[in-house]
Amino acid sequence: MLEYFNNLIAGNEELLANISNSILITIIFLTFCFVVILFRQKDLNKLNYKREYINKNYVNILYSSNWEDEDLPVLLIIPGNPGQAGYYKEYMDLLILKCDEKYRACVLSHVGHSPASDKIFNVQDQVESKLQFITSKLEPGTKIHLIGHSFGAYIALKLFEKGIKLEKSVLLFPMFDNMAQMPKAANLRTLLNWQTHIIGVAWLTGLLPYKLKNKMIQFYSARFSKNIQDHISITIAELIAPDALKNVFGLASSELAAIKDPDFKLIKKHKDKLVFYYGMHDLWAPLDCLRKLRKAVPDVNFHIADEEVLHTFMFNSCEKVAKKTAEFLTGNTRYDINNLIPNFDMVAEAARADGDLEYDFCDD
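Treat the numbers as computed from the prediction; the structure is a model and nothing was measured.

How each quantity is defined
- Residues numbered from 1 in each chain as written.
- Predicted model: local features only at pLDDT ≥ 70, side-chain atom pairs only at ≥ 80, totals over all residues.
- Heavy atoms only, no water.
- Helix = DSSP H or I, 4+ residues; strand = E, 2+ residues; numbered from the N terminus.
- Buried < 20%, exposed > 50% of the residue type's maximum accessible area, 1.4 Å probe, protein only.
- Contact = heavy atoms within 4.5 Å.
- Pairing = 2+ DSSP bridges.
- Core = buried A, V, L, I, M, F, W, Y, C linked by side-chain atoms within 4.5 Å.
- Axes fitted to C-alpha atoms, helices over the stretch in contact; angles between N-to-C directions.

Enquirer: Give me the lowdown on the overall build of the chain, citing residues and values where you can.
Expert: From N to C terminus, the chain includes 14 helices and eight strands. For the chain, the proportion of its 364 residues judged to be buried stands at 50%. Long-range contacts, defined here as pairs at least 24 residues apart, represent 79% of the contacts in the chain between residues at least 6 apart.

Right, here's the structure in full:
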């Protein structure tokens, strides 16, 4: 057999050249992929992620610089979707300073999002991951405050439902009410229909030269903020890995199916430990959701952000949101409901007139 192949190759120099070229191209391609991965890992190291093994899966976590002080209460920050912790680095650092370092904090990435996994995790998996972190990684008796952003607010409420002993918690731009009916849901469904193509583009983007890819990310990020910071660019690069995007889309599909009518009895039970922070023009948690919440729990503690503070506050409003969060945690801030009602209605009507509120969940 060996002699047969020797004769075949000896009589066909072109075949031998093609084989050699194929081997060379394969080596070059693998080397290029290795360099891309090396640079990506080098950038991720700038975020100071710590990889923890939670519930049989690895999760990247950001810890505040004072995390080792076990006497301090914990601020557990739960992301929205996408669930990479890196988006919240500036917010976490500012929050600790605004609280005069009386707390320690961590941001827990969603399982499957960071590090990316080829296994797809649903809503329940994300809740269980946070529950396991609390029960297995935190010292018994630790005072825990939850800060849930967007979908993270839904997870925070689920943790209250699980009976975990929790302190005063803040829900930022909370998306926990009939997600499929939110104004942004139609856009999300379009993305889900195109997810195969988007993931394909992400795979090709990963093969681009490192500096070119970084320029593209900075150009895209400029839509959200003129002065995009390094930790945001690095986290976006982490997001556009194919496995990470598969998990983002997979979780989004699970959210649409799982997030239905809120458990207002649960909110009423824990209302003294909950602060709801809504955006004026938020299409994932519109003011009509707040109207519905107020109708079910009239004395709920809620606040409305300044007009320029967006749902994606991590890009441009970390300072303002960190300051407000610190006030919620350290003080007893509460709107005067009697004075707010006419203003609230005026704001809601103005937002609706601008096309920001497409659904009215409450019968006045």
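Enquirer: Before we move on, could you go through the pairing of strand β3 (residues 74-78) and cite the residues and values that matter?
Expert: Counting buried positions over the five residues of β3 gives five, a clear majority of the element. The pairing of β3 with strand β4 (residues 104-108) spans four bridges and is classified as parallel. Its bridge partner lying in β4, V74 is registered against R104. Two elements, β3 and strand β5 (residues 144-149), share five bridges in a ladder whose sense is parallel.

Enquirer: Account for the nonpolar core, naming residues and giving values.
Expert: Ranked by size, the top nonpolar core spans 105 residues in total, and within it L76, Y91 and F276 carry the most contacts. Residue contributions to this core peak at eight residues, all from helix α5 (residues 151-161).

Enquirer: Which residues make up the sheet that holds strand β2 (residues 57-63), and what values go with them?
Expert: Read across the sheet, eight strands follow the order β1-β2-β4-β3-β5-β6-β7-β8 without closing on themselves; strand pairing throughout is mixed. Each having just a single partner strand, β1 (50-54) and β8 (302-304) make up the two edges of the open sheet. Across this sheet, the average inter-strand angle for adjacent strands is 25°, counted without regard to direction. Here five bridges tie β1 to β2, and the two strands are oriented antiparallel to one another. Across the sheet, E52 pairs through a bridge with V59, a residue of β2. Here helix α12 (residues 287-296) sits on the sheet and contacts β7 (274-278) and β8; the angle it forms with β7, its principal contact strand, is near 150°.

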